[in-house]
Amino acid sequence: MSDNIVKMPATTLLYDLSDFFKLMGDSTRIQLLWALEENEMCVGDLAALLNMTKSAVSHQLKILRSSKLVKAEKRGKNVFYALSDHHVRTILEMALEHVNE
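The model shown is predicted, which means the values in this text are computed figures rather than measured ones.

K.L.:
Got a sec to walk through the pattern of salt bridges? Specific residues and values, please.
P.N.:
Counted according to the given criterion, the structure contains four salt bridges. Where Asp19 meets Lys22, a salt bridge forms, and the shortest distance between an N and an O atom there is 3.9 Å. Note that Asp19 and Lys22 are positioned in helix α1 (residues 11–24) at a spacing of three residues, about one turn of the helix. With its nearest N and O atoms 2.5 Å apart, the salt bridge here joins Glu40 to Arg75. Placement of the pair is Glu40 in the loop between α2 (27–38) and β1 (41–42) and Arg75 in strand β2 (residues 70–75), with a sequence separation of 35 residues. Given a relative accessible area of 34%, Glu40 falls into the partly exposed group. You can call Arg75 partly exposed: its relative accessible area is 33%. Sharing partners across several salt bridges, the network here consists of Glu40, Glu73 and Arg75.

About the criteria used
- Residues numbered from 1 in each chain as written.
- Predicted model: local features only at pLDDT ≥ 70, side-chain atom pairs only at ≥ 80, totals over all residues.
- Heavy atoms only, no water.
- Salt bridge = Lys/Arg side-chain N within 4 Å of Asp/Glu carboxyl O.
- Helix = DSSP H or I, 4+ residues; strand = E, 2+ residues; numbered from the N terminus.
- Buried < 20%, exposed > 50% of the residue type's maximum accessible area, 1.4 Å probe, protein only.

What follows is the structure, encoded as C-alpha cells:
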C-alpha cells in the first residue's frame, strides 16, 4: 500500500456530485442552461429558441429548478428563468473549454 493518503469526500457528497453530473448529462438541459447563461428568458422564448414545446421546456426547467441550477421570478403573467448563480455559468464555460481542447 502506498504512503499517499487520499482524503475522500463523504460518500453522500460523492453521490450528490454524481447526481449533479447526471443532470448535466442531458443535452436538452445543457441547451436550456446555455440559453440562460446568456440571458434570463421565459418558457415561450426558450421553446421558440430551442424548437421545443412549452410543455417539454417546462418539464426540464422544473428539474433544473428543483436541482437549484436555475431560479425563477414571476413578473406579471410570465415567469422568467435564469441561472441560479455564477457557479453554474463557470461550470458550463469550463466544460465547453475542456471539450474544445
